[in-house]
Structure formats: C-alpha cells, structure tokens
Amino acid sequence: MSKLEKVLLESLNTNKNGVELTENKAFYTYRSILFTALKISEDLRISKTKIVSCILPNSVEYLVLLLACIFSNRIFAPIPHFLHPKEIEKILNYHDSHLVYSDRTDLDRKST
C-alpha cells in the first residue's frame with residue numbers, strides 16, 4: 001500500500017465531515033465516499049484494463065472514481081466533459097481504454 005493510499009484511508013475513514021450537494025440537498029460523508037470507492041476498486045482490480053477513462057463533470061462521482069483508481073492501481077484518465085463527442089472518441093482511441101465512466105448520453109462507444 002502506498003503512502004497516498006494510507007493517508008487517504010486514514011483521513012477519509014476518520015473524518016466525520018462530508019459534502020452537501022446544493023442541487024438535490026444530498027449529503028455524502030467522506031467515509032461513505034471512501035467505502036463506495038473501495039467497492040468500485042474491487043471491481044477495477046478484476047477487470048483487465050489498466051486505463052479507466054472518466055467523462056464526468058466535477059462531482060462526487062468523479063471523486064469516487066479517482067479514489068477507486070488510486071486504490072486499485074489503475075490509471076485515471078479524465079477527459080473534459082464539455083468536449084464534442086467526436087473529440088472524445090479520438091481521445092478514447094488514443095487512450096486505448098476499454099472502461100469508460102460517463103453520464104453523457106450522446107456518446108456512441110462500440111465494444112472492442
């Protein structure tokens with residue numbers, strides 16, 4: 001386990017604070033964010049891909065995926081959320097990523 005992982009585990013697990021989202025008044029404790037990231041990291045460890053592409057706006061989900069990549073020793077490859085689908089497709093082809101997390105519905109990514 002890296003120093004970064006140790007520090008993140010300790011600080012997120014013991015911190016009673018959290019994040020409140022203004023648009024839907026949801027509250028996420030740092031501990032719940034940590035546990036969600038750890039669950040996703042288990043799935044990432046099983047997958048064969050080393051690169052995880054992320055097409056999300058700045059959000060709790062973005063943070064969870066970043067942490068999951070750290071805990072599973074995967075490469076976190078963020079792609080700007082505001083790009084045109086054709087630009088995103090070019091970047092995804094360059095990344096050679098087989099795992100993409102996104103909330104975009106205008107992307108047509110075929111399985112390879």
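Quick note: structure is the one above.
Residues numbered from 1 in each chain as written. Predicted model: local features only at pLDDT ≥ 70, side-chain atom pairs only at ≥ 80, totals over all residues. Heavy atoms only, no water.

Draft legend 1. Fine view of unusual backbone geometry. Positive phi outside glycine occurs at Lys25, with the angle close to 60°. On the secondary structure map, Lys25 appears in the loop between β1 (18-20) and β2 (27-29). Of note, Asn73 is a non-glycine position whose phi angle comes to about 60°, a positive value. Within the fold, Asn73 resides in the loop between α3 (60-72) and β4 (75-78). (Helix = DSSP H or I, 4+ residues; strand = E, 2+ residues; numbered from the N terminus.)

Draft legend 2. Structural view of the environment of Leu34. For Leu34, the location among the structural elements is in helix α2 (residues 30-46). Note: C-alpha distance between Leu34 and Cys69 (35 residues apart in sequence) is 12 Å. Setting aside chain neighbours within four positions, we find Leu34 in contact with Leu9, Leu12, Asn13 and Phe71. (Contact = heavy atoms within 4.5 Å.)

Draft legend 3. Region of interest: the sheet that holds β4. Pairing is parallel in the open sheet, where 3 strands are placed in the order β4-β3-β5. Whereas interior strands pair on both sides, the edge strands pair on one side only; in this sheet they are β4 and β5 (99-102). This sheet shows a mean twist of 25° between the axes of neighbouring strands, independent of strand direction. Here strand β3 (residues 51-55) runs beside β5; their pairing, made up of 4 bridges, is parallel. (Pairing = 2+ DSSP bridges. Axes fitted to C-alpha atoms, helices over the stretch in contact; angles between N-to-C directions.)

Draft legend 4. Just the packing of aromatic side chains, in detail. Per the stated rule, a full pass over the model turns up 1 aromatic pair. Where Tyr62 meets Phe76, the ring centres are 5.3 Å apart and the plane angle is 90°; that geometry is what we call edge-to-face. Taken together, the residues span a long stretch of sequence, with Tyr62 in helix α3 and Phe76 in strand β4 at a distance of 14 residues. You can call Tyr62 partly exposed: its relative accessible area is 21%. Taking the relative accessible area as the measure of exposure, Phe76 reaches 17% and is therefore buried. (Phe/Tyr/Trp six-rings, centres within 6.5 Å; stacked < 30°, edge-to-face > 60°. Buried < 20%, exposed > 50% of the residue type's maximum accessible area, 1.4 Å probe, protein only.)

Draft legend 5. Region of interest: the nonpolar core. Judged by nonpolar contacts, the single largest core of 19 residues is most densely connected at Ala37, Leu65, Leu67, Cys69 and Phe71. Elements with a minimum of two residues in this core: α1 (3-14), α2, β3 and α3. Sorting elements by how many residues they give to this core places α3 first, with 7 residues. Not counting the four nearest positions on each side in its chain, Leu65 is found in contact with Val52, Ser53, Cys54, Phe76 and Tyr101. Counting 5 residues, the second largest nonpolar core, distinct from the first, contains Ile79, Leu83, Ile88 and Leu92. (Core = buried A, V, L, I, M, F, W, Y, C linked by side-chain atoms within 4.5 Å.)

Draft legend 6. Structural context of the pairing of β3. Summarising burial for β3: 4 of the 5 residues are buried, a large majority. In the sheet, β3 pairs with β4 via 4 bridges, with the strands oriented parallel. Residue pairing in the sheet places Ile51 in a bridge with Ile75 of β4. Once the chain exits β3 it traverses α3 before rejoining the sheet at β4, and the crossover so formed is right-handed. (Right-handed = clockwise from strand over helix to strand, strands pointing away.)

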